[in-house]
Amino acid sequence: MSEHATNADRGQRAEAGQRAERGQRAERGQRAEDAVGAPLLSVRDLRVALPGGAHAVRGVSFDLHAGETLGVVGESGCGKSLTMLSVMRLLPPGAEIAGGEVRLDGRTELAGAPETALRRIRGDRLAMIYQDPMTSLNPLMRIGEQIAEGLRAHGWSRRAARERAVEGLGEVGIPEPGRAARAYPHEFSGGMRQRAVIAAALVLDPDVLIADEPTTALDPTIQQQVVNLVRRLQRDRGMAVVWVTHDLGIVARVAERTLVMYAGGVVEGGPTRELFRQPHHPYTHGLLGALPRPTGDRERGPLAQVAGAPPQPGALPVGCLFHPRCPQAIDRCRHDPPELTDRGHAVRAACWVPPDQWAFREGAP
Ligand SMILES: Nc1ncnc2c1ncn2[C@@H]1O[C@H](COP(=O)(O)OP(=O)(O)O)[C@@H](O)[C@H]1O
Ligand code: SF4
Ligand SMILES: [Mg+2]
């Protein structure tokens, strides 16, 4: 009798367990279904206001799918960093999100989420390598402790955090990670510091890594190593990467899709190889013209063939924002701002003059 009861009990428990499991599976399935086709990260019409009210990011939209690499290029001052810092909700004091949406998994809205929610998501789902590695390392704290501190904030025990920090340093190719963990940042070379910053970003295995000019301060050989390192880690983990750079050479190597930013907005976007094959915006064309030649005729400086500099957020020209520098400008460009339009091959560009009408004058890009 008691055995009977026990069996019935067991049966009921098993059934309840199966029901619960089925429920969970169904819920997971539903979530997966919701997520099918939904980008991992989706930014819509993002605007960032600076102190004083000028907008430094003016309606940026893009999607990032699981595992892919998106390149974001443009000269210094075009709003790349502020766009990415908005996604992380880590804007500098005074700068604020003035409009738009940032969605994770097609659902969770980050642009207006409370700071407590952001703290859980940062590191765990979204991680960022900041433009200047020295500002993201505390000079007074041992490297291992700094990485462990981030893990502790996500509920790791002291010991597990310490062990994971050492393991993380090993994963980014730092020799003798146990010893390296006890070093201070100034005891590391620039390349090693950048590796430590990457380790700190990746210890929680995020789904999205935003790399903001992670190689700019490094010499070319170390640059190459860091690019290869991020690509290897990305392959191993199936992580999506946003690679921000002013260097189209890097984008050509790492990114499947590229966004070109100018004066706080996207002027062209599409598959990287299409942008290289046929740019649809004179600014993209100018950036390509600034790439080092295969002949070794290297570096005439960024945008050597397009004179001038991008406008300041508070002093934008009317019409197309690129017109004062554009070798293809026509009258309309001086008063009528172009919108992004489809150009085929999944390319979008904001320009009134199609490439087959570009004039290739002496000195033009
Ligand atoms: N904290 C800040 N206060 C005032 N202006 C800023 C601040 N951060 C950036 N800016 C301005 O916003 C514009 C975009 O900056 P940023 O996003 O850093 O460009 P990028 O990363 O493309 O070089 C620039 O004109 C810059 O001077
Ligand atoms: S719209 Fe006119 S000024 Fe702007 S990029 Fe095109 S051609 Fe140049
Ligand atoms: Mg920047």
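Look up: the structure comes first, before these words.
Residues numbered from 1 in each chain as written. Chains lettered and ligands numbered in written order. Predicted model: local features only at pLDDT ≥ 70, side-chain atom pairs only at ≥ 80, totals over all residues.

A. Layout of the overall build of the protein chain. Of regular secondary structure, the protein chain possesses 12 helices and 12 strands. Residues counted as buried form 39% of the 365 residues belonging to the protein chain. Sequence separation of at least 24 residues holds for 63% of the intrachain contacts in the protein chain that already meet a minimum separation of 6. (Helix = DSSP H or I, 4+ residues; strand = E, 2+ residues; numbered from the N terminus. Buried ≥ 20, exposed ≤ 12 C-beta atoms within 10 Å, placed from the backbone. Contact = placed C-beta atoms within 7 Å.)

B. Looking closely at unusual backbone geometry. Positive phi, normally seen in glycine, also occurs at Arg-89, with a value near 60°. Looking at the element boundaries, Arg-89 is found in the loop between α2 (80-88) and β4 (96-104). Exposure remark for Arg-89: the 20 C-beta atoms within 10 Å place this residue in the buried category. The phi dihedral of Asp-105 falls on the positive side, at around 55°, and the residue is not glycine.

C. Seen up close, the environment of His-345. Structurally, His-345 can be placed in the loop between β11 (341-342) and β12 (348-349). Between the C-alpha atom of His-345 and that of Gly-270, which follows or precedes it by 75 residues, the distance is 7.8 Å. Apart from the residues lying within four places of it in its own chain, the contact partners of His-345 are Gly-270, Pro-271 and Glu-274.

D. Layout of helix α6 (residues 158-171). For α6, with 14 residues, the first-to-last C-alpha span of 20 Å sits near the 20 Å given by 1.5 Å per residue. All of the buried residues along α6 are Ala-161, Ala-165, Val-166, Gly-168 and Leu-169. End-on, the buried residues of α6 take up no more than an arc of 160°, which puts them together on one face. Residues of α6 that are buried in the fold lie against α5 (143-152), α7 (177-180) and α8 (190-202). Immediately beyond the C-terminal end of α6, within one or two residues, lies Gly-173, with a positive phi of roughly 80°. (Expected span 1.5 Å × (residues − 1). Arc of directions from axis to C-beta.)

E. Region of the structure containing the sheet that holds strand β1 (residues 41-49). Reading across the sheet, the four strands line up as β2-β1-β4-β5 and stay open at both edges, with antiparallel pairing between neighbours. Since the sheet does not close on itself, it has two edges, and those belong to β2 (55-64) and β5 (108-109), each with one partner. Note: β1 against β2, seven bridges, orientation antiparallel. Looking across to β2, one finds that Arg-47 is bridged to Arg-58. (Pairing = 2+ DSSP bridges.)

F. Region of the structure containing the sheet that holds β12. On the basis of which strands lie adjacent, the open sheet formed by eight strands has the order β6-β7-β8-β3-β9-β10-β12-β11 and mixed pairing. Strand pairing shows two members of the sheet lacking a second neighbour, β6 (126-129) and β11, which therefore form its edges. Of the pairings in the sheet, the one linking β11 to β12 comprises two bridges and is antiparallel in character. Paired with Asp-342 across the strands is Arg-348, a residue of β12. Its contacts with the sheet place α2 against β3 (69-73), β6, β7 (208-212), β8 (240-245) and β9 (257-262), and it is angled at close to 150° to β7. (Axes fitted to C-alpha atoms, helices over the stretch in contact; angles between N-to-C directions.)

G. Geometry of the environment of Glu-268. Within the secondary structure, Glu-268 is located in strand β10 (residues 265-271). For Glu-268, a count of 27 C-beta atoms within 10 Å gives the class buried. Considered as a pair, Glu-268 and Leu-340 are 72 residues apart in the sequence and their alpha carbons are 7.3 Å apart. In this structure, Glu-268 is in contact with Val-260, Leu-275, Pro-279, His-280, His-281, Thr-284, Arg-348 and Ala-349, ignoring residues within four places of it in sequence.

H. Seen up close, helix α12 (residues 282-289). Most of α12 sits inside the fold, with six of its eight residues counted as buried. Of the surrounding secondary structure, the elements contacted by the buried residues of α12 are β3, α10 (248-254), β9, β10 and α11 (272-277).

I. View of the site of ligand 1. Around ligand 1, 15 residues are found, and the nearest of them are Ala-56, Lys-80, Ser-81, Leu-82 and Pro-92. No other element matches the three residues that α2 contributes to the shell around ligand 1. Along the lines of polarity and charge, the residues of the shell around ligand 1 split into seven nonpolar, seven polar and one charged. (Near = placed C-beta within 6 Å. Nonpolar A, V, L, I, M, F, W, Y, C, P; charged D, E, K, R; others polar.)

J. Spatial organisation of the nonpolar core. The biggest cluster of nonpolar side chains holds 88 residues, and the ones touching the most others in it are Ile-210 and Val-242. The dominant element in this core, judged by the number of residues it contributes, is α8, at eight residues. Here this core gathers at least three residues from each of two domains, domain 1 (41-255) and domain 2 (260-357). Among all residues touching Val-242, those that are not within four sequence positions of it are Leu-64, Leu-70, Val-72, Met-84, Ile-210 and Ala-211. (Core = buried A, V, L, I, M, F, W, Y, C linked by C-beta atoms within 7 Å. Domains from an automatic or database assignment.)

K. Quick look at the pairing of β8. Counting buried positions over the six residues of β8 gives six, a clear majority of the element. Alternating positions in β8 separate into two faces, Ala-240, Val-242 and Val-244 on one and Val-241, Trp-243 and Thr-245 on the other, with burial throughout. With five bridges connecting them, β3 and β8 associate as parallel partners. The residue bridging Gly-71 from the neighbouring strand is Trp-243, located in β8. Bridge count between β7 and β8: five bridges; the pairing is parallel. Its bridge partner lying in β8, Ala-211 is registered against Trp-243.

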